[in-house]
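Architecture at a glance
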6 protein chains.
Amino acid sequence: MNDLLQKPRTVYVSRTIEFNAAHRLFNPSATEEENVATYGKCSNHNGHGHNYRLNITIRGIVDHKSGFLFDLKELKNILKEEIMERFDHKHLNHDVPELRDCVPTTEVLAVLIWDILEERLRTLNNPEIALHEVHLHETGKNAVRYFGE
Amino acid sequence: MNDLLQKPRTVYVSRTIEFNAAHRLFNPSATEEENVATYGKCSNHNGHGHNYRLNITIRGIVDHKSGFLFDLKELKNILKEEIMERFDHKHLNHDVPELRDCVPTTEVLAVLIWDILEERLRTLNNPEIALHEVHLHETGKNAVRYFGE
Amino acid sequence: MNDLLQKPRTVYVSRTIEFNAAHRLFNPSATEEENVATYGKCSNHNGHGHNYRLNITIRGIVDHKSGFLFDLKELKNILKEEIMERFDHKHLNHDVPELRDCVPTTEVLAVLIWDILEERLRTLNNPEIALHEVHLHETGKNAVRYFGE
Amino acid sequence: MNDLLQKPRTVYVSRTIEFNAAHRLFNPSATEEENVATYGKCSNHNGHGHNYRLNITIRGIVDHKSGFLFDLKELKNILKEEIMERFDHKHLNHDVPELRDCVPTTEVLAVLIWDILEERLRTLNNPEIALHEVHLHETGKNAVRYFGE
Amino acid sequence: MNDLLQKPRTVYVSRTIEFNAAHRLFNPSATEEENVATYGKCSNHNGHGHNYRLNITIRGIVDHKSGFLFDLKELKNILKEEIMERFDHKHLNHDVPELRDCVPTTEVLAVLIWDILEERLRTLNNPEIALHEVHLHETGKNAVRYFGE
Amino acid sequence: MNDLLQKPRTVYVSRTIEFNAAHRLFNPSATEEENVATYGKCSNHNGHGHNYRLNITIRGIVDHKSGFLFDLKELKNILKEEIMERFDHKHLNHDVPELRDCVPTTEVLAVLIWDILEERLRTLNNPEIALHEVHLHETGKNAVRYFGE
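Conventions used here
Residues numbered from 1 in each chain as written. Chains lettered and ligands numbered in written order. Predicted model: local features only at pLDDT ≥ 70, side-chain atom pairs only at ≥ 80, totals over all residues. Heavy atoms only, no water. Contact = heavy atoms within 4.5 Å. Buried area = accessible area lost by both parts, 1.4 Å probe. Salt bridge = Lys/Arg side-chain N within 4 Å of Asp/Glu carboxyl O. Polar contact = N/O pair within 3.5 Å; in protein donor to acceptor, adjacent residues only side chain to side chain. Helix = DSSP H or I, 4+ residues; strand = E, 2+ residues; numbered from the N terminus. Pairing = 2+ DSSP bridges. Buried < 20%, exposed > 50% of the residue type's maximum accessible area, 1.4 Å probe, protein only. Least-squares fit on C-alpha atoms with pLDDT ≥ 70 in both. Phe/Tyr/Trp six-rings, centres within 6.5 Å; stacked < 30°, edge-to-face > 60°. Axes fitted to C-alpha atoms, helices over the stretch in contact; angles between N-to-C directions. Left-handed = near helix turned anticlockwise from the far one by under 90°. Nonpolar A, V, L, I, M, F, W, Y, C, P; charged D, E, K, R; others polar. pLDDT = per-residue confidence, 0-100.

**Some remarks on the interface of chain E and chain A**
Contact residues are listed per partner, giving 29 residues for chain E and 25 residues for chain A. Each partner contributes to the roughly 2300 Å² buried at the junction of chain E and chain A, and carbon and sulfur atoms together form 52% of this total. The largest share of the area that chain E buries against chain A comes from E107(E), K141(E) and R145(E), three residues that together contribute 25% of it. Inspection of the region where chain E meets chain A yields two salt bridges. In this structure, R9(A) and D115(E) form a salt bridge, with 2.7 Å as the shortest nitrogen-oxygen distance. Linking chain E with chain A are 15 residue pairs in polar contact (both at pLDDT 80 or more), by the criterion used here. Contributing elements (two or more residues each) for the side of chain E that touches chain A: α1 (32–39), α4 (106–122) and β5 (142–146) of chain E. As paired elements, strand β1 (residues 10–23) of chain A and β5(E) share five bridges and run antiparallel to each other. Residue pairing across strands places S14(A) opposite A143(E), the latter belonging to β5(E).

Structure, rendered in structure tokens:
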């Protein structure tokens, strides 16, 4: 089976999920004025929110037998446990311990998601796969990509 | 000019905008348990948020001279003043006086937007146009339409 | 609570789901040539498939207490049981008993989905709500709407 | 076959196409100033352009034998001849005789497309089908629907 | 003409097409139980299907005279002959000889498309262009990218 | 604050805008026949147009204090001044001096946008950020990426 895979093929498999969260861009060690100057209406006192769209890419060599890079059911599970349960229907400033001392910008959130998934994927002890990219869309217009560097 | 408009033509013109807001589905006159039973994770204490996509439709007879139903610049202005300034980057439960005694579900929000725009459009004293539809998308999967009935 | 709902408000709530299915447009009571003449490449012997996108709309008066038209968790459940389990990852010609004597065009599939959901919703004995529209997209270009008439 | 169609079923079948055209909103019987006041940057001298997305809906009773409302290949043909050849890669003000005395607003263009398709469909002498809706998107934010009234 | 191209400019030109196909994830050299364990509902006996969206990217130096990387009409032709005729409205397990001994996962399909297009583009004897990326979306949520490595 | 940023993190921040423009693919130093052979209907005399969607990516190390790569308000400003004012509601062949001696293909336009933004960003004297990618979509099917090489 899968003669096409007799030579190793490095593919990039991506999965997109969406979570809905509130946040406020506010640095408590700065003054109200500095916060408004930096974050504008994103620092409004009671916060606002987004439908975050998250696209995760894993890189590796396709398994010769299954034709999969990685068991999609396992990836769905990881994303449910690590991302959906942590961020979905939450307030990023108040409900996510890892963000307690952070301004929850899209940049910071993308970096955190990388750190969480990279550590989790390492526990699989599968040398054939690696986290490649976290691509986080805050709106249809703004997005951040992070490659772990 | 515009011979095609010599007989009256009733068109439906729509404009789509997006606002980012936080909310919490919570009825203060019910118990915590009742709220969880009704609203599930949408009643999480600190709220969550959405990129609301709002599609407004106005119905009327095309103006013979301009070929427009309605001056788009004026519509943009109305949507900016009535919708964006009221809802964008706000917390629906705390920052919108009109929602103070409401559970800010998508249904309630669509009804409120209708009431606001319908009243504002009436001040234009233009008998040729009428608000036709408020179509509010909370996510890519859930939406509510309201026609004022 | 929910003063905005003191007068009855009739809203249209829609939910979108996606299912992936194979089908073949083929009428066994016609000749091969007639099938090709009518259905073209859609009658290819081994079938093909689609990511069907289904948008269901329910119409009714918003509940004064909850601010919901209908419990979204219950709607999700109904769509899972009636639509996803019946159609997702299935071959419409072979795996769906209700379609055994049908050519599974988008029109026929939309009509069937209406009949299934209309009957199921009637079992709820909720006079406030009614199925309003089945909107089924076969591709990004082709879609069928059915209103039960 | 098609027992589901033993009672007549009225469906709404839609097809989406895209054409790329230039236009300028300019009324030659008005002054330059009046044009700028009405049309703003849309009246810039050399014109601009859009990827128009056109969604056409036909209403009628599903054919009992084929399970189709209407032969999609025939609809594709009609849209190619009447819409694509007339509007695609054209300048609406200069290349479309039917628009010669019109300001090519989205409203006017939707009305013209209705008139063209309604006349063409009438030549089919098929009493079971009728043009139902022309839905023309000028951008992702602005659209006009026309139902022939 | 095209002074901007006096120094060589390496661009990445992409074209998106869609094909509708059925498939079944099933490895005939494994047991039914192993197939279900690996592929879940994707191994259902009669198969299912998708609207595959394929995004092809070609890399190279823009031609100084035409301002094109590559004649788009020629690329459209190649995609029609090599992709649409081979995969569109087909059953991947039964109708595509190149996949006869493969499990038609998205990974395997992306690799096959690369091999086909890479070989075809080599026949053009144009040293200025090279296939850069095959990006294949099985659904709106799952996609595979392959760069030929 | 922002402990996650204590080690430097290189992110890629992108912003999407849309502008509507007319163009004609025509090389005045070639014959009419050569133009038709190269550009087909894209060389039609009066031009046509597009809703160009432009996705700009900036690469750099996230600022430890703000959690931003770059002040989004400043980026919006730059895109308004350099892109929207230059291209939106314009005819690329007639209204854009930088394109006077160019055939305004998507490739050429992407290269020009890179040159403009790269020069503008250099005036900021911010060594932490660099233009990474210009991704220009002419339609939903055709796009060009340019990385400045």
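**Some words on the pairing of strand β5 (residues 142–146) of chain B**
Residue and element names in this part refer to chain B. For β5, a buried count of five out of five residues is recorded, marking the element as mostly surrounded by other parts of the structure. Going residue by residue along β5, you find N142, V144 and Y146 tucked away on one face and A143 and R145 tucked away on the opposite face as well. Bridging between strand β4 (residues 129–137) and β5 involves four bridges; their strand directions are antiparallel. Paired with H137 across the bridge in β5 is A143. Counting the residues that bridge the hairpin from β4 to β5 gives four residues.

**Considering the relation of the copies chain C and chain B**
Its rotation angle being 120°, the transformation that places chain C on chain B also includes 0.0 Å of axial translation and leaves an RMSD of 0.0 Å. On this basis, the relationship between the two copies can be described by a three-fold rotation axis. Identified as the residue of chain C closest to the rotation axis by C-alpha distance is G140(C), at 8.7 Å.

**As for the pairing of strand β1 (residues 10–23) of chain D**
All names here are of chain D. Across the 14 residues of β1, twelve count as buried, placing the element largely inside the fold. When β1 meets strand β2 (residues 48–61), the two strands line up antiparallel, connected through 14 bridges. Counted as the bridge partner of V11 is G60 from β2. As paired elements, β1 and strand β3 (residues 90–91) share two bridges and run parallel to each other. By the bridge assignment for β3, A21 is matched with K90.

**So, the environment of H48(A)**
For H48(A), the location among the structural elements is in strand β2 (residues 48–61). Counting along the chain gives 29 residues from H48(A) to N77(A), while the straight-line C-alpha distance between them is 28 Å. Non-local contacts of H48(A), meaning those with residues more than four positions away in its chain, are made with A21(A), A22(A), H23(A), C42(A), N20(B), A21(B), A22(B), H89(B) and K90(B). A polar atom in the side chain of H48(A) sits 3.4 Å from the side chain of H50(A).

**With respect to the packing of aromatic side chains**
One pass over the structure, following the stated rule, counts 30 aromatic pairs over all chains. Judged by centre distance (5.3 Å) and plane angle (70°), the ring pair of Y39(A) and F68(F) falls under edge-to-face. One end of the pair, Y39(A), is in helix α1 (residues 32–39); the other, F68(F), is in the loop between β2 (48–61) and α2 (72–87), on a second chain. The same class applies to Y39(A) and to F68(F), which are both buried. On the numbers, 5.4 Å between centres and 25° between planes, the contact of F19(B) with F87(B) is stacked.

**Thoughts on the packing of helix α2 (residues 72–87) of chain B against helix α4 (residues 106–122) of chain B**
Residue and element names in this part refer to chain B. Where α2 contacts α4, the two axes come as close as 10 Å, and the packing angle between them is 145°. Relative to α4, the crossing made by α2 is right-handed. Residue-level contacts link I78, L79, E81, E82, I83, R86 and F87 of α2 to L109, L112, I113, I116, L117, R120 and L121 of α4. Residues belonging to the contact of α2 with α4 are distributed by class as follows: ten nonpolar, no polar and four charged.

**Comments concerning the arrangement of the chains**
Separating chain A from chain C is a minimum C-alpha gap of 14 Å, and the two share no contact. With no contact formed, the shortest span from any C-alpha in chain D to any C-alpha in chain E equals 14 Å.

**Focus: the confidence of the model for chain A**
Summary statistics for chain A give a mean pLDDT of 95 and a share of 99% for residues scoring 70 or more. At the level of chain-chain contacts, confidence expressed as ipTM amounts to 0.95, with global pTM at 0.97.

**Considering the environment of V36(D)**
Tracing the sequence through the fold places V36(D) in helix α1 (residues 32–39). Spatially, the C-alpha atom of V36(D) lies 24 Å from that of L112(D), the residues being 76 residues apart in sequence.

**A look at the interface of chain C and chain B**
How big an interface is tends to be stated in terms of the accessible area lost upon association of its parts. Listed as interface residues are 25 residues of chain C and, on the opposing side, 29 residues of chain B. Of the roughly 2300 Å² buried between chain C and chain B, counting both surfaces, carbon and sulfur atoms make up 52%. At the junction of chain C with chain B, the criterion picks out two salt bridges. For the interface between chain C and chain B, the tally reads 15 residue pairs in polar contact (both at pLDDT 80 or more). Broken down by secondary-structure element, the contributors of at least two residues to the side of chain C that touches chain B are β1 (10–23) and α2 (72–87) of chain C. A per-element tally of the side of chain C that touches chain B places β1(C) first, with seven residues. Each residue belonging to the side of chain C that touches chain B can be placed in one class, and the counts come to twelve nonpolar, seven polar and six charged.

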